[in-house]
Amino acid sequence: MSSMSSVAGLSKYIKTLPKTKYSIIGMVIISCLMGSTYYLIDSIPSYGILEDIFYGGLFGLMVFGFTSIMSGALNQQTISSMGGINLKIKHSMFLSALSMTFLCLVIVAGGVISRVTGWDLFINSLLFGCVLIYGFNTLVFWATSKVRFTIAAGTAIIQPLIILAMYTLIMFISADTSFIGPVILQITLKAIIAAIIFVLAIYAFIKIIASPFKKNLGIGVLDLLSLFIAHMNEGSNSLEGLFENMSEAIDTVVTFVSFKTSEGIKALFISPSVHPGPLGDLGGSNMPTILANKFDFFTMVAHGPSTHDFNPIAVSEIDKIEDSVKKGLKHVEYSPNASKFVRYQAKKANIGVQFFNDGMVILSTFAPEAVDDIEFGVGLTMMAQSRSKCNVEDSIIVDCHNSFAPESGEVLPGNAEVFHLIEVIDKIDPNQSKGSIKVGCWQDSMSTLNKQEGIGESGIKVMVIEVDGQKTAYVLFDSNNMEIGFRQEIIDAVSDMDIDEIEVMTTDTHTVNTLSRGYNPVGIAKRDEIIEYVKIGINEAIDDLEKVEVGTGTEKIENLNTFGPKNSTELISTISSVVAVSKIIAPVLLITALLIVFIWIFYGGL
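Residues numbered from 1 in each chain as written. Predicted model: local features only at pLDDT ≥ 70, side-chain atom pairs only at ≥ 80, totals over all residues. Heavy atoms only, no water.

### Section: the pattern of salt bridges
Enumeration over the complete set of coordinates arrives at 15 salt bridges. Put simply, K294 and D319 hold a salt bridge, and the shortest N to O gap is 2.8 Å. Taken together, the residues span a long stretch of sequence, with K294 in the loop between α11 (287-292) and β3 (298-301) and D319 in helix α12 (residues 318-329) at a distance of 25 residues. Using a relative accessible area of 25% as the deciding quantity, one classes K294 as partly exposed. Of the residues examined, D319 reaches a relative accessible area of 32% and is grouped as partly exposed. In this structure, K320 and E317 form a salt bridge, with 2.9 Å as the shortest nitrogen-oxygen distance. For K320, a relative accessible area of 26% translates into the label partly exposed. (Salt bridge = Lys/Arg side-chain N within 4 Å of Asp/Glu carboxyl O. Helix = DSSP H or I, 4+ residues; strand = E, 2+ residues; numbered from the N terminus. Buried < 20%, exposed > 50% of the residue type's maximum accessible area, 1.4 Å probe, protein only.)

Next up, the structure:
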């Protein structure tokens with residue numbers, strides 16, 4: 001598993017929140033149930049069961065339900081007015097509902113202990129719960145809304161303050177008014193000191209984990225988190241602004257095969273050595289679709305040799321790839337000559353080779369073994385070796401990216417897989433006979449499937465190439481890799497169709513990585529339906545076959561702003577170290593603070 005993609009897997013913690021009305025309904029129901037439950041288990045006041053249920057429910061609704069609904073609205077307005085992001089009304093209401101539920105659970109637990117011991121712990125339980133939700137809300141606002149700590153802490157006090165005020169008002173109306181005197185001052189002092197202790201622990205924790213990001217990358221961890229959430233929730237690309245501060249300009253290449261008829265270009269097969277990441281719609285994540293849509297004819301954008309180091313930092317960088325391809329197309333020399341598709345194997349490495357005019361295509365896969373991206377340097381070695389071995393002008397290397405398992409690793413210099421690739425390229429017979437060529441194309445967005453099934457915006461594209469009676473199907477899914485074994489299942493399923501060879505590829509789009517699984521390879525679900533699309537595509541592409549001329553090209557892409565090897569590694573190592581340190585620091589700081597707050601509230605001398 002690539003390190004950058006393992007970080008992308010953190011997206012599994014981003015969930016779709018319920019609509020506002022459901023949070024409000026939930027607060028009403030939960031507050032009533034918790035209030036009734038507390039009255040039923042607590043011996044004071046001593047009512048009958050029906051009275052406990054009614055008065056307890058009414059008490060819970062007034063003190064916890066209505067106040068939390070009010071705070072949900074006020075929190076959202078306050079954060080928005082202070083320039084905060086991400087906190088929409090449904091988010092604010094859900095946070096209030098979550099906080100209220102936790103507070104009610106603390107109070108019910110206190111009621112159980114009160115029933116067993118005979119002590120009246122309601123006030124202390126209420127204070128302890130309010131301090132906890134105050135700290136929690138402060139952390140959420142500060143970490144996700146891109147506001148200062150003081151604004152987060154000031155906003156977070158709204159919910160516990162309204163709850164305490166409502167409780168005080170009810171006690172003033174229904175109980176002994178002496179409660180409003182010295183006791184309320186003691187309770188207020190307890191609450192203030194406890195809140196300061198807990199929120200300072202949270203402040204210290206955030207500052208500790210933020211330091212490595214500021215020192216190593218020059219970015220704020222809370223800015224990174226806030227903008228990441230904004231992208232996940234709203235599709236905002238503001239996070240690209242942070243990436244620009246840590247970007248690195250590189251030079252890379254894009255290779256392509258162009259098929260044309262007398263009416264112009266019929267199809268274009270592109271393999272850019274640029275990685276479609278990091279995730280969602282950020283940077284180059286949707287590059288296969290965006291780049292293909294820049295051309296007025298059928299275009300397949302395969303996965304060239306590249307890793308997350310070569311993630312473009314902004315969508316606008318894709319224009320540079322387009323410019324390079326269009327520049328190269330002006331100089332392509334065409335001929336009607338192509339070879340048949342031939343497979344070669346050496347240990348783990350499997351390649352399919354086809355010659356087109358003065359160039360060649362190498363479709364590389366390690367299936368049925370699980371392997372992730374092929375690094376750019378390894379791809380360059382493959383290009384140079386194959387051009388020398390086969391005496392061609394252009395070598396279009398494609399990482400088929402079609403066999404995934406969670407333990408998949410990149411193919412990096414020094415890995416055994418590199419030598420397997422070198423060995424298999426040495427087996428290529430450069431003296432392939434050539435004949436006339438026909439090409440047929442078909443594409444479909446696969447509208448019955450979506451990102452949940454691992455299908456990106458471009459769906460599926462199929463190109464059938466016929467040379468001297470041999471039909472070869474190039475099948476490309478707009479997906480991030482393929483569930484291990486699914487490639488062979490597809491090959492077996494089409495074995496009785498009117499084709500002789502087939503290779504199945506994925507674009508490695510990272511637009512499908514915004515889901516709960518983090519990784520989301522095609523083939524996890526609905527395999528039969530996906531295979532049916534393949535069969536339809538092959539038949540349609542065969543019907544579209546017509547004679548073409550073919551040419552190849554290789555162009556340099558200059559000054560492409562990417563994460564870069566240095567910054568990509570730095571980002572991953574920083575995140576990894578922060579996660580490791582947090583596992584130690586967070587429990588120590590927060591548990592210690594909770595213990596101090598607990599002792600102060602329940603055993604303090606006030």
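### Some points on the nonpolar core
Counting residues in each nonpolar core, the largest one holds 53 residues, and the members touching the most others are F213 and I601. Residue assignment for this core shows that the elements contributing at least two residues are α4 (89-117), α5 (122-144), α6 (149-156), α8 (182-217), α9 (221-234) and α17 (564-603). With residues up to four places along the chain from it excluded, the contact list for I601 reads N124, L127, F128, V131, K190 and A194. Grouped together as the second largest cluster of nonpolar side chains are 44 residues, F310, Y344, V378 and I557 included. (Core = buried A, V, L, I, M, F, W, Y, C linked by side-chain atoms within 4.5 Å. Contact = heavy atoms within 4.5 Å.)

### Here's the deal with the sheet that holds β3
Sheet architecture is open: eight strands sit in the order β3-β2-β1-β14-β10-β11-β12-β13, paired in mixed fashion. Both edges of this open sheet fall to β3 and β13 (501-506), since each of them pairs with a single strand only. For this sheet, the mean inter-axis angle between neighbouring strands, taken without regard to orientation, is 20°. As paired elements, strand β1 (residues 248-261) and strand β2 (residues 264-272) share eight bridges and run antiparallel to each other. Counterpart to T261 in the pairing with β2 is G264. Packed onto the sheet, helix α15 (residues 486-493) meets β12 (470-477) and β13 and runs at close to 145° relative to β13. (Pairing = 2+ DSSP bridges. Axes fitted to C-alpha atoms, helices over the stretch in contact; angles between N-to-C directions.)

### Things to note about the pairing of strand β11 (residues 460-467)
Working note: regular strand, side chains alternate between the two faces of the sheet. Buried residues dominate β11, accounting for eight of its eight residues. Burial along β11 is two-sided: the residues I460, V462, V464 and E466 and K461, M463, I465 and V467 are all buried. Relative to β11, strand β10 (residues 437-444) runs antiparallel, the two sharing eight bridges. Note that in β11 the partner of C441 across the bridge is M463. Between β11 and β12, which pair antiparallel in sequence order, lie two residues; one of them, D468, sits at a positive phi of approximately 50°.

### A few points about the side chain of K461
Position of K461 among the secondary structure elements: in strand β11. Summary of buried charges: K461 has no salt-bridge partner, and the nearest side chain of opposite charge, D478, is 7.9 Å away. A distance of 2.6 Å separates the side chain of K461 from the backbone oxygen of T299, its partner in a polar contact. (Lys, Arg positive; Asp, Glu negative; His and termini not counted. Polar contact = N/O pair within 3.5 Å; in protein donor to acceptor, adjacent residues only side chain to side chain.)

### Some thoughts on the state of the cysteines
Counted by the stated rule, this structure contains zero disulfides. Cysteine C32 shares no disulfide, and the gap to the nearest cysteine sulfur, in C104, comes to 10 Å. (Disulfide = S-S within 2.5 Å.)

### Considering the packing of aromatic side chains
Geometrically, a pair of aromatic rings is defined through the distance of the ring centres and the angle of the planes. Evaluated as defined, the whole model comprises 20 aromatic pairs. Consider the rings of F341 and Y474, whose centres lie 6.2 Å apart with planes at 75°: the pair is edge-to-face. You can see F341 sitting in the loop between β4 (338-339) and β5 (342-346) and its partner Y474 sitting in strand β12, a full 133 residues away along the chain. On the basis of relative accessibility, which here comes to 1%, the residue Y474 falls in the buried class. In textbook terms, an aromatic cluster arises when at least three aromatic residues are bridged by ring pairs, as seen for Y38, Y39, F59, F64, F122 and Y167. (Phe/Tyr/Trp six-rings, centres within 6.5 Å; stacked < 30°, edge-to-face > 60°.)

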